[in-house]
Amino acid sequence: MKTAKELALLAAKALSDKKAKNVQALEIGDLTTLADYFVIATGSSNTQINALVDNVERVLSVEAEESPLHREGYRGGTWVLLDYGCIAVHVFSDEAREFYGMERLWNGAKPLDLSSVLIEGE
């Protein structure tokens, strides 16, 4: 069984592999009981956002035998949430990411170093 940190890194890599923009992971376990990590990314279109979350689900299912407890927003395509309990994956459109400002809301969170999993240029 993978740790929350390992799941967050896997999710970030799955997003990066499909060309997500501005992939970040925030360690929030000391701030809330919602999750241990938020993984946040931006997609350039509804189609890409759906492809990004589909890839996260596939990778976490295959490599960690994890399925989301809940999925929200898939049809809308501007913000999709995958809730894995210990991690929550948020994939936004540019506009939705700016509007919701997750990084501002959780500015006390500790960023997770993703340099080992992100594709160069991310």
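As shown above, the structure is provided for reference.
Summary of the structure given here.

Okay, unusual backbone geometry next. Positive phi, normally seen in glycine, also occurs at K19, with a value near 70°. Structurally, the position occupied by K19 is in the loop between helix 1 (4-17) and strand 1 (21-27). Using a relative accessible area of 55% as the deciding quantity, one classes K19 as exposed. Despite not being glycine, N22 has its phi angle at roughly 50°, a positive value. Within the secondary structure layout, N22 lies in strand 1. We classify N22 as partly exposed; its relative accessible area is 44%.

Looking now at helix 2 (residues 46-64). Across its 19 residues, helix 2 extends 26 Å between first and last C-alpha, which sits within 8% of the 27 Å expected from 1.5 Å per residue. Within helix 2, burial applies to Q48, I49, N50, L52, V53, N55, V56, V59, L60 and A64. Contacts made by the buried residues of helix 2 are with helix 1, strand 2 (37-42), strand 3 (70-72), strand 4 (79-83) and strand 5 (87-92). At the C-terminal side of helix 2, E65 shows a positive phi close to 55°.

What follows covers the side chain of R97. As for its position among the elements, R97 is in helix 3 (residues 94-100). Beyond its immediate sequence surroundings of up to four residues, R97 is in contact with K21, N22, Q24, I40, A41, T42, F92 and E103.

The next subject is the pairing of strand 1. As paired elements, strand 1 and strand 2 share 5 bridges and run antiparallel to each other. Within strand 2, the position partnered with Q24 by the bridge is I40. With 2 bridges joining them, strand 1 and strand 6 (residues 110-111) adopt antiparallel strand pairing. Looking at strand 6, one finds that L26 is bridged to P111.

A full pass over the atoms with the stated rule returns 5 aromatic pairs. Their ring planes at 25° and their centres at 4.9 Å tell us that W79 and F92 sit as a pair that is stacked. Here the residue W79 occupies a position in strand 4, and F92 occupies one in strand 5, the gap between them amounting to 13 residues. Accessibility expressed as a relative area gives 0% for F92, which makes it buried. Members of the aromatic cluster, joined through ring pairs, are W79, F92, F99 and Y100.

Criteria and cut-off values
- Residues numbered from 1 in each chain as written.
- Predicted model: local features only at pLDDT ≥ 70, side-chain atom pairs only at ≥ 80, totals over all residues.
- Heavy atoms only, no water.
- Helix = DSSP H or I, 4+ residues; strand = E, 2+ residues; numbered from the N terminus.
- Buried < 20%, exposed > 50% of the residue type's maximum accessible area, 1.4 Å probe, protein only.
- Expected span 1.5 Å × (residues − 1).
- Contact = heavy atoms within 4.5 Å.
- Pairing = 2+ DSSP bridges.
- Phe/Tyr/Trp six-rings, centres within 6.5 Å; stacked < 30°, edge-to-face > 60°.

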